[in-house]
Amino acid sequence: QHNVPLHEIAIMCRSGMQTYTLESKLNAKRISYNKYGGMKFMEKAIIKDLLAFLRMLHNLSDEIASVRVMQLFPGIGAKTAQKIAKGIATNGLDFLNDKQWHNKAFYLSLHQLNIVLSHLQTLSLQERLDYLVHDWYFDISEQRILNSKKKASVQNEEIHKLRTSVEDAEMLIEMTIGYKSISSFLSDVVLEATHKEEDIQNKTQRYHSLLGVLSR
């Protein structure tokens, strides 16, 4: 408003958490910024995970969000997640119950995912995040860590990190206050994170394609 160049503006805070609301406002205004001394709020794993659920429900054709959501469930890897995501984009959530999955080891995970998504569809924006955070996300994430083949010390470290991210999840819920629609909220908060995820996934797909060519 005062025509001050952006590179001449700086904000100092005692805690990274104090910038989260400001970051969401900057994203909404499409104003780029750099954050030093901490990770951007929208780049945190728990925030990406929770937003992926909202994005998937808002648009079943958002394969990037669907892939991220499915990989939260035990037994579903990247390749399987991509295949299922494409099926959901074409056939909707009914594809989770397709008979081709019935004999797969991860079918129980798909069944559980279908239950979670079906319940979320009946809730408002704030209720969706509240349900994910308080009734589901941390339990399934801890289960996934414990089912991994990582050393016990590494598992304990990841579980501790997971539990300390509760405040971030609560902050995301608080940020939904005042939004009347999911689309307007997503439009404000996910732009930057989505572009980075798309870039990572595109690079990964090109890498696997190259491996396929080299192995012929």
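Quick note: structure is the one above.
Keep in mind the model is a prediction, meaning the values are calculated, not measured.

**Quick look at helix H7 (residues 152–163)**
Reasoning step 1: Its 12 residues place the ends of H7 16 Å apart at the C-alpha level, agreeing with the 16 Å of an ideal helix rising 1.5 Å per residue.
Reasoning step 2: All of the buried residues in H7 are Gln-155, Ile-159 and Leu-162. Buried residues in H7, looked at end-on, bunch into an arc of 60 degrees, giving them a common side. Opposite the buried face of H7, at more than 90 degrees from it, the exposed residues are Asn-156, Glu-157, His-160 and Lys-161.
Reasoning step 3: Buried residues belonging to H7 abut helix H6 (125–147) and helix H8 (166–175).

**Examining the pattern of salt bridges**
Reasoning step 1: This model, assessed by the stated rule, comprises 6 salt bridges.
Reasoning step 2: Here Arg-163 ties to Glu-142 by a salt bridge, and the two come within 3.1 Å at their closest N and O atoms. Of this pair, Arg-163 sits in helix H7 while Glu-142 sits in helix H6, and the two are 21 residues apart along the sequence.
Reasoning step 3: Note on Glu-142: relative accessible area 22%, which makes it partly exposed.

**Thoughts on the environment of Val-166**
Reasoning step 1: On the secondary structure map, Val-166 appears in helix H8.
Reasoning step 2: Note: C-alpha distance between Val-166 and Phe-138 (28 residues apart in sequence) is 8.6 Å.

**Looking at the nonpolar core**
Reasoning step 1: Core analysis: the biggest nonpolar cluster contains 55 residues, and Leu-51 and Phe-53 have the highest contact counts within it.
Reasoning step 2: Put simply, the parts of the chain that give this core at least two residues each are helix H2 (45–58), helix H3 (63–70), helix H4 (78–91), helix H5 (107–120), H6, H7, H8 and helix H9 (182–189).
Reasoning step 3: Here the element with the most residues in this core is H6; it accounts for 10 residues.
Reasoning step 4: If sequence neighbours within four positions are ignored, Leu-51 has contacts with Met-42, Leu-172, Phe-185, Leu-186, Val-189 and Val-190.

**Notes on the environment of Tyr-137**
Reasoning step 1: Inspection of the secondary structure puts Tyr-137 in helix H6.
Reasoning step 2: Separated by 88 residues in the primary sequence, Tyr-137 and Asp-49 place their C-alpha atoms 8.9 Å from one another.
Reasoning step 3: Apart from the residues within four sequence positions on either side, Tyr-137 is in contact with Ile-46, Asp-49, Leu-50, Leu-72, Leu-132 and Leu-162.

**Considering the packing of H2 against H6**
Reasoning step 1: Contact geometry for H2 and H6: axes closest at 11 Å, N-to-C directions at 130 degrees. Considering the angle they form, H2 stands oblique to H6. Here H2 and H6 pass one another in a crossing that is right-handed. Residue-level inspection shows Ile-46, Asp-49, Leu-50, Phe-53, Leu-54 and Leu-57 of H2 in contact with H6, the latter providing Leu-125, Arg-128, Leu-129, Leu-132, Val-133, Trp-136, Tyr-137 and Phe-138.

Calculation notes
- Residues numbered from 1 in each chain as written.
- Predicted model: local features only at pLDDT ≥ 70, side-chain atom pairs only at ≥ 80, totals over all residues.
- Heavy atoms only, no water.
- Helix = DSSP H or I, 4+ residues; strand = E, 2+ residues; numbered from the N terminus.
- Expected span 1.5 Å × (residues − 1).
- Buried < 20%, exposed > 50% of the residue type's maximum accessible area, 1.4 Å probe, protein only.
- Arc of directions from axis to C-beta.
- Contact = heavy atoms within 4.5 Å.
- Salt bridge = Lys/Arg side-chain N within 4 Å of Asp/Glu carboxyl O.
- Core = buried A, V, L, I, M, F, W, Y, C linked by side-chain atoms within 4.5 Å.
- Axes fitted to C-alpha atoms, helices over the stretch in contact; angles between N-to-C directions.
- Parallel < 35°, antiparallel > 145°, perpendicular 65-115°, else oblique.
- Left-handed = near helix turned anticlockwise from the far one by under 90°.

Function cannot be inferred from these measures alone, as they are strictly geometric.
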